[in-house]
Amino acid sequence: MDYEQLVKLGTDTGFSHIAPLKGSTIKLLPEVRQMCEANTCGMYGKRWSCPPGCGTLEDCRARIQQYKNGILVQTVGQLEDAMDGETMMETEALHKKNFFAMEKLLRETYPDMLAIGAGCCTRCETCTYPDEPCRFPKKAFSSMEAYGMLVTQICKANDMTYYYGPCTIAYTSCFLLE
């Protein structure tokens, strides 16, 4: 894995920050999954990429344990004030755009990688869950939280800043490559 090349690719794709990710630092926590069950985002039980559709923590752990290394990517936005929802949404949209572009490029070298995003999968306008199988199982992605990852812990364990100060928002995703 050529980390310098991955940083260049991530920067060229538009991410604010890129850091190496060691698979051994990924801890899946039931408490994070319980936050999903509280359904504050409104997606619990509505998408294949969200719990319970993405599988149990054991299912997620089995997928993750196939990888030793990857990268973390972030998009950081500057807010006008703490309630600047418009910039939050714009930054999230930019992060997903960058995520899709980077995923496409990485798949050329790492066809079996595991891409784990920020927020729920948005590949399809309407998800087929639970009535029919996912239309694009190789392109669908779950969020780090859906997998049970506490993003702040993953960032800290891999020397990536999570909080950039007041009036900032950071969206974080990862690509498990090898």
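If you're wondering where the values come from, they're calculated on a predicted model, not measured in any experiment.

Q: What is the right way to read the packing of aromatic side chains from this model?
A: The geometry of an aromatic ring pair is captured by two quantities: the separation of the ring centres and the angle between the planes. Summed over all chains, the structure comprises five aromatic pairs. Measuring from centroid to centroid gives 4.7 Å for W48 and Y129, while their planes differ by 85°, and the two rings are edge-to-face. You can see W48 sitting in the loop between α2 (30-37) and α3 (57-64) and its partner Y129 sitting in the loop between β3 (114-116) and α5 (151-157), a full 81 residues away along the chain. The partly exposed category is assigned to W48, whose relative accessible area is 28%. Centroid distance F99 to F175: 5.0 Å. Interplanar angle 20°. Geometry classified as stacked. In this pair, F99 is assigned in helix α4 (residues 85-109) and F175 in strand β4 (residues 168-176), connecting sequence segments 76 residues apart. Residue F99 shares its accessibility class with F175, and that shared class is buried. The rings of F99, F100, F141 and F175 are connected pair by pair, giving a single aromatic cluster.

Q: Help me understand the pairing of strand β2 (residues 69-78) in this model?
A: Working note: regular strand, side chains alternate between the two faces of the sheet. Burial within β2 is extensive, with seven of its ten residues counted as buried. Note that strand β1 (residues 17-22) and β2 share six bridges and pair antiparallel. Residue A19 lies in a different strand from β2, and its bridge partner there is L72.

Q: So what exactly am I meant to see when it comes to α2 here?
A: Given 3.6 residues per turn, any residue in an α-helix points the same way as the ones three and four places further on. Residues of α2 that are buried: V32, R33 and C36. Down the axis of α2, the sector holding all buried residues measures 100°, keeping them to one side. Next to the buried residues of α2 lie α3. N39 lies just past α2 and shows a positive phi near 60°.

What counts as what
Just so you know, the residues in each chain are numbered from 1, in the order the chain's sequence is written. Owing to the predicted nature of the model, reporting of local features is limited to residues with pLDDT of at least 70; listing and counting of side-chain atom pairs is limited to 80 or more, with chain, interface and lining totals taken over all residues. To get the side-chain values, take all heavy atoms of the structure and skip hydrogens and water. Under the pairing criterion, centres of Phe, Tyr and Trp rings, with the six-membered ring standing for Trp, must be within 6.5 Å; the plane angle then separates stacked pairs below 30 degrees from edge-to-face pairs above 60, leaving the rest tilted. Only DSSP runs of H or I reaching four residues or more are called helices, and only runs of E reaching two or more are called strands; each is numbered from the N terminus. Think of it in three bands: with a 1.4 Å probe and only protein chains considered, a residue is buried below 20% of the maximum accessible area for its type, exposed above 50%, and partly exposed in between. The criterion for strand pairing is that DSSP finds at least two bridges linking the strands in question. By construction, the arc corresponds to the directions joining the helix axis to the C-beta atoms. The contact criterion used is simple: two residues touch if any of their non-hydrogen atoms lie within 4.5 Å.

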